[in-house]
Amino acid sequence: MKTLKLLPVDLSLFGLLLLCTTFTPVAGVQPTVHTIRISQMQFNPATLTVHKGDTIVFVNKDIVTHDATEISGKAWKSPALASGDSWRMAATKSAAFYCSFHPVMKGKIVVK
Amino acid sequence: MVLFIAFALQLQTAAAQNKQNNPKLSDAEVASVAVIANQIDIDQAMLAKERSKNQDVLQFAETMINDHKAVIKQASDLVQKLGVTPKENAVGKQLQADAAKTANMLRTKSGSAFDKAYVNNEVAYHKAVISAVEGLLIPESENEELRNLLQSIVPALNAHLEHAQMLQKQLNQK
Ligand SMILES: [Cu+2]
């Protein structure tokens, strides 16, 4: 009985969530959290498009240690991420990045 | 250079002969070869850390040590889980013998000659190991988890190869 009573509330909340993610965020809406998964020596997605203020989380699902380093090496750099580690940053500016341990691994963040 | 080529050929020949004569490697032997192949690259990287002064080469060597240690850890965890004891065999012994020759050659060099020789060997070695993993170790593995583990290290080996090739170009421009 308890479940039945709660269900309509849950559904309307769910609808609200859908609205938030489907339409362009307006002022006051929570920033989105995006994940870049590192596995098999690749950043996935390799190009991520976000809005200013969104959060980007790098998750290392690989066997070996990686990092995410802004290409000039001056703007930002994650710490070394061992297998299973993650690191989050706020998106402020578009940037190309790479892994300083494996310079052949590259990615891009596009801030709209 | 002759040494590297001879070594790469030997591994490739081992893989080719395996297809023809099918000298079965047990999973215990595959595991042993996998650990030895990774350990060899760690040892060469240690030598590079001793002898090189080039920042890019030193950083590459550090990555080789960390990555190949991580792979050995995965392999050791798996054989322990499977209750397999890695078993010495002719392929592994040949790898060690060739690695000893390479190490002796590298010890005679210093400065940029060392850097070039080390990086050239890393290019040849990773090529040879990739072909051995794909052409010999994966087909010889009975156990699915062992096969999957070997499959999962191929992208790292490829990234190492590309990284070494990048350094090779850089060093040859100087
Ligand atoms: Cu990396």
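Conventions we followed
All residue numbers here refer to positions counted from 1 along the written sequence of the relevant chain. Following the order in which they are written, the chains are lettered starting with A and the ligands numbered starting with 1. Restriction of local features to residues with pLDDT of at least 70 applies here, the model being predicted, together with a cutoff of 80 or more for giving and counting side-chain atom pairs; totals for whole chains, interfaces and linings are based on all residues. Side-chain numbers here rest on the full set of heavy atoms in the structure, without hydrogens or water. Excluding water, the donors of a metal are its N, O and S neighbours within 2.8 Å, or within 3.2 Å for Na, K and Ca, and that exclusion means sites may look incomplete. Helix and strand labels come from DSSP, where a helix needs a run of H or I of at least four residues and a strand needs a run of E of at least two; each type is numbered from the N terminus. Between buried and exposed lies partly exposed: a residue is buried under 20% and exposed over 50% of the maximum accessible area for its type, with that area taken using a 1.4 Å probe on protein chains only. Paired strands are those between which DSSP finds at least two bridges. In a helix, the anticipated span is given by 1.5 Å times the number of residues less one. Whether two residues are in contact is decided by their heavy atoms, any of which lying within 4.5 Å being enough. Any Lys or Arg side-chain nitrogen found within 4 Å of a carboxyl oxygen on Asp or Glu counts as a salt bridge. Within 6.5 Å between ring centres, the rings of Phe, Tyr and Trp (the latter by its six-membered ring) count as paired, and their orientation is classed by plane angle as stacked under 30 degrees, edge-to-face over 60, tilted in between. Both site types are read off a 1 Å grid over the protein atoms alone. A 1.4 Å probe that fits but cannot get out defines a cavity, while an open set with protein on both sides within 12 Å along at least five of seven lines defines a pocket; lining residues have an atom within 4 Å of a point. Grid points are joined across faces, edges and corners, and a volume is the space filled by probe spheres set on the points. Residue polarity follows a fixed list, in which Ala, Val, Leu, Ile, Met, Phe, Trp, Tyr, Cys and Pro are nonpolar, Asp, Glu, Lys and Arg are charged, and the others, Gly among them, are polar. Accessible area that two parts lose when put together, evaluated with a 1.4 Å probe and summed over both, is termed the buried area. Here a polar contact is taken to be a pair of N or O atoms separated by no more than 3.5 Å, where protein atoms must pair a possible hydrogen donor with a possible acceptor and residues adjacent in sequence count only if both atoms sit in side chains.

Trainee: Got a minute to help me understand the coordination of the copper ion in this structure?
Mentor: The textbook angles at a metal center are 109.5 degrees for a tetrahedron of four donors and 90 or 180 degrees for an octahedron of six. All names here are of chain A. Each protein donor to the copper ion is listed here as His66 (ND1), Cys99 (SG) and His102 (ND1); together their distances run 2.0 to 2.2 Å. Considered as a linear motif, the donors of the copper ion on their single chain read H-x32-C-x2-H. Here His66 is found in the loop between strand E4 (55-60) and strand E5 (69-70), whereas its partner His102 is found in the loop between strand E7 (95-98) and strand E8 (106-111), with 36 residues between them in sequence. Comparing His66 with His102 shows no difference in burial state: the two are buried.

Trainee: Just checking my understanding: could you explain the pairing of E7 of chain A for this structure?
Mentor: Walk down a regular strand and you will see the side chains alternate between the two sheet faces. Residues and elements named next belong to chain A. Of the two faces of E7, only one is covered, namely that formed by Ala95 and Phe97; the face formed by Ala96 and Tyr98 stays uncovered. Bridge count between E5 and E7: two bridges; the pairing is antiparallel. Looking at E7, one finds that Glu70 is bridged to Phe97. Taken together, the four bridges between E7 and E8 define a ladder with antiparallel strand orientation. For Ala95, the partnering residue across the bridge sits in E8 and is Ile109.

Trainee: What is the right way to read helix H2 (residues 27-51) of chain B from this model?
Mentor: One turn of the α-helix equals 3.6 residues, which is why residues spaced by three or four share an orientation. Over its 25 residues, H2 of chain B runs 37 Å from end to end, which matches the ideal 36 Å to within 8%, given 1.5 Å per residue. Counting buried residues along H2 of chain B, 18 of its 25 residues qualify, which places the element largely inside the surrounding structure.

Trainee: Quick question: what am I supposed to make of the environment of Val123 of chain B here?
Mentor: Residue and element names in this part refer to chain B. Considering the arrangement of structural elements, one finds Val123 in helix H5 (residues 111-140). Expressed as a C-alpha distance, the spacing of Val123 and Leu161, which sit 38 residues apart in the sequence, is 5.6 Å. Not counting the four nearest positions on each side in its chain, Val123 is found in contact with Leu161, Ala164, Gln165 and Gln168.

Trainee: Where do I start with the pattern of salt bridges in this structure?
Mentor: If the charged atoms of two oppositely charged side chains come close together, the side chains can form a pair. Applying the stated criterion across every chain, the model contains seven salt bridges over all chains. Ionic pairing is found between Lys77 of chain A and Asp67 of chain A, a salt bridge with its closest N-O pair at 3.4 Å. With Lys77 of chain A in the loop between E5 and strand E6 (86-90) and Asp67 of chain A in the loop between E4 and E5, this residue pair connects regions lying ten residues apart in the sequence. Residue classification places Asp67 of chain A among the buried positions, given a relative accessible area of 1%. Between Lys93 of chain B and Glu88 of chain B there is a salt bridge; the shortest N-O distance is 3.6 Å. On the accessibility criterion, Glu88 of chain B (57% relative accessible area) is exposed.

Trainee: Looking at this structure, I do not really get the packing of aromatic side chains. What am I missing?
Mentor: Residue and element names in this part refer to chain A. If you walk through the whole model with that rule in mind, you get nine aromatic pairs over all chains. Summarising the aromatic geometry, the rings of Phe58 and Trp76 are spaced 6.4 Å apart at their centres and angled 40 degrees between planes, so their arrangement reads as tilted. Of this pair, Phe58 sits in strand E4 while Trp76 sits in the loop between E5 and E6, and the two are 18 residues apart along the sequence. The exposure class of Phe58 is buried, given its relative accessible area of 0%. For Trp76, a relative accessible area of 17% corresponds to the buried category. Chaining the aromatic ring pairs together yields one cluster made of Phe43, Phe58, Trp76, Trp87 and Phe97.

Trainee: How should empty space enclosed by the protein be read in this particular structure?
Mentor: Using a probe with the size of a water molecule, rolled over the atoms, empty space left in the structure can be pinpointed. All names here are of chain B. A complete count under the given rule lists four cavities of 30 Å³ or more for this structure. Its volume calculated, the largest cavity comes out at about 90 Å³. Taken together, 13 residues form the lining of the largest cavity, with Val33, Ala37, Val129, Val133 and Leu137 sitting closest to its centre. Among the secondary structure elements, those contributing two or more residues to the lining of the largest cavity are H2, H5 and helix H6 (144-173). Taken together, the residues of the lining of the largest cavity sort by class into twelve nonpolar, one polar and no charged. Computed from the structure, the second largest cavity encloses a volume of approximately 60 Å³. When contributions to the lining of the second largest cavity are tallied by element, the ones reaching two or more residues are H2, helix H3 (55-82) and H6. Of the residues forming the lining of the second largest cavity, the biggest block, four residues, is contributed by H6. For the lining of the second largest cavity, the per-class residue count stands at nine nonpolar, one polar and no charged.

Trainee: I keep staring at the interface of chain B and chain A and nothing clicks. Help me out?
Mentor: How big an interface is tends to be reported as the loss of accessible area on association of its parts. Residue-level contacts link 13 residues of chain B with nine residues of chain A. Around 1100 Å² of area is buried between chain B and chain A when both sides are counted, 70% of it from carbon and sulfur atoms. Of all residues in chain B, Asp67, Pro155 and Ala159 of chain B give up the largest surface area on contact with chain A, accounting jointly for 31% of the area buried on that side. Summed over the shared surface of chain B and chain A, the result is zero salt bridges. Our enumeration of links across chain B and chain A arrives at two residue pairs in polar contact (both at pLDDT 80 or more). Listed by contribution, the elements that provide at least two residues to the side of chain B that touches chain A are H3 and H6 of chain B. In terms of residues, the side of chain B that touches chain A owes the most to one element, H6 of chain B, which gives nine residues.

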